[in-house]
Amino acid sequence: MELRNKDLLAIRDLSPEEILLILDTAESMKEISTRDIKKVPTLRGKTVINLFYEPSTRTRTSFEIAGKRLSADVINISSATSSTTKGETLKDTGRNLQAMNPDLIVIRHAAAGAPKILADALPVPVINAGDGAHEHPTQALLDAFTIREKKKTLAGITVAIIGDITHSRVARSNIALLQKMGAEVRLSGPYTMVPPYIEALGVSFIPDIGEAIRDADVIMMLRIQLERQQHGLFPTVREYARFFGLNRERLQRAKPDVLIMHPGPLNRGVEISPDVADGPYSIILDQVTNGVAVRMALLYLLIGK
Ligand code: CP
């Protein structure tokens with residue numbers, strides 16, 4: 001089986017079978033990162049461009065490591081040091097990069113839809129590494145991989161996604177993926193950070209975080225996206241932490257085998273307390289480890305076969 005599309009732009013473009021193919025391929029890729037020599041020749045001679053118009057630690061680095069472990073040449077471009085600062089348009093940047101014959105472009109952009117503009121304009125495969133508040137499909141895939149690794153299944157599990165839903169591309173991609181794979185999704189957060197009519201997506205909204213986490217198999221905390229918010233969505237950071245933060249006391253309502261996830265970067269002491277982030281239920285760093293395997297799988301499936 002192969003992926004049907006040239007690009008990976010959004011979870012809605014993937015069938016459940018394609019999601020399983022990516023997760024299963026990532027399982028074999030994960031082993032490579034445990035070897036002494038963490039390199040295989042699969043993508044030798046291929047060129048991957050990481051085009052990042054927004055800051056990133058995990059996604060950019062893991063795409064770079066993923067490409068290099070598969071022997072691809074990886075080029076990193078950030079908007080701050082590119083000709084974007086001289087007024088070049090996204091399409092023109094894309095056409096000029098295409099002229100150098102890369103095999104794949106990974107793009108992160110603050111504007112929703114930017115990866116699709118590039119994908120429609122260029123013959124090269126494009127992976128969306130996060131576009132505005134729209135989608136972050138590789139994050140949802142690595143989250144699903146991590147949940148499946150720990151719980152052995154995605155079907156039938158309950159995932160509580162808590163925090164700034166409105167501005168979260170991670171939430172949007174996770175809702176789409178988890179529903180496709182048969183999981184139940186609950187949302188919680190301040191009313192000001194949850195889009196109206198969210199239940200039309202087939203998820204439930206539970207305003208009280210204590211109720212939302214009760215009986216959940218997985219709690220996925222979201223970062224407050226201050227860079228995407230108009231001001232005034234919550235009175236103070238302290239109040240947010242008190243009413244919507246995950247701390248040890250609140251965690252007592254959760255199941256004894258609950259998993260705590262967060263896409264990072266953490267606002268420690270705001271949406272999650274340090275002892276919970278670093279505690280025994282946290283699988284936050286497993287998510288980061290698995291991000292490399294999932295991105296290796298995607299590079300292989302898009303340009304390695
Ligand atoms: N989870 C995530 O996208 O992190 P970065 O912004 O560091 O890439």
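Below or above, wherever it landed, is the structure these notes cover.

Turning our attention to the pairing of strand β6 (residues 184-188). Side-chain direction in a regular strand flips from residue to residue, so the side chains alternate between the two faces of the sheet. Burial analysis of β6 places 4 of its 5 residues in the buried class, the great majority of the element. Pairing of strand β5 (residues 158-162) with β6, which is carried by 5 bridges, proceeds in the parallel orientation. Directly across from Ile161, in β6, lies its bridge partner Leu187. Crossover connection from β5 via helix α6 (residues 169-180) to parallel β6: handedness right-handed. Sheet topology note: the β6/strand β7 (residues 204-205) ladder contains 2 bridges and is parallel.

One open sheet accounts for 4 strands, arranged β2-β1-β3-β4; its pairing is parallel. In this open sheet, the two edge strands, each paired with only one partner strand, are β2 (73-78) and β4 (126-131). Strand-to-strand twist across the sheet, computed as the mean angle between neighbouring axes with direction ignored, equals 15°. Relative to β4, strand β3 (residues 104-109) runs parallel, the two being bridged by 4 bridges. Paired with Val106 across the strands is Ile127, a residue of β4.

Here we come to the packing of helix α2 (residues 58-69) against helix α11 (residues 284-304). Two elements in contact, α2 and α11, have axes separated by 8 Å at closest approach and are oriented at 55°. By the angle between their directions, the pair α2 and α11 is classed as oblique. Relative to α11, α2 is oriented so that their crossing is right-handed. Of the residues in α11, those touching α2 at Arg58, Thr59, Ser62, Phe63, Ile65, Ala66, Gly67 and Arg69 are Val288, Gly291, Val292, Arg295, Met296 and Leu299.

The next point concerns the sheet that holds β7. Strand pairing in a sheet relies on backbone hydrogen bonds, with the paired strands running either antiparallel or parallel. As summarised here, the arrangement of the 5 strands in space is β7-β6-β5-β8-β9, forming an open sheet in which the pairing is parallel. Of all the strands in the sheet, the pair left with one neighbour each is β7 and β9 (259-261). Across 4 bridges, β5 lies against strand β8 (residues 218-221) in parallel orientation. Directly across from Ile162, in β8, lies its bridge partner Met221.

What follows concerns the pairing of β5. Within β5, 5 of the 5 residues are buried, leaving the element largely enclosed by the surrounding structure. In β5, alternate side chains face the same way, and those of Thr158, Ala160 and Ile162 on one face and Val159 and Ile161 on the other are all buried.

Definitions and cut-offs
Residues numbered from 1 in each chain as written. Predicted model: local features only at pLDDT ≥ 70, side-chain atom pairs only at ≥ 80, totals over all residues. Heavy atoms only, no water. Buried < 20%, exposed > 50% of the residue type's maximum accessible area, 1.4 Å probe, protein only. Helix = DSSP H or I, 4+ residues; strand = E, 2+ residues; numbered from the N terminus. Pairing = 2+ DSSP bridges. Right-handed = clockwise from strand over helix to strand, strands pointing away. Axes fitted to C-alpha atoms, helices over the stretch in contact; angles between N-to-C directions. Parallel < 35°, antiparallel > 145°, perpendicular 65-115°, else oblique. Left-handed = near helix turned anticlockwise from the far one by under 90°. Contact = heavy atoms within 4.5 Å.

So, to be careful, I would describe these as geometric facts and stop short of saying anything about function.
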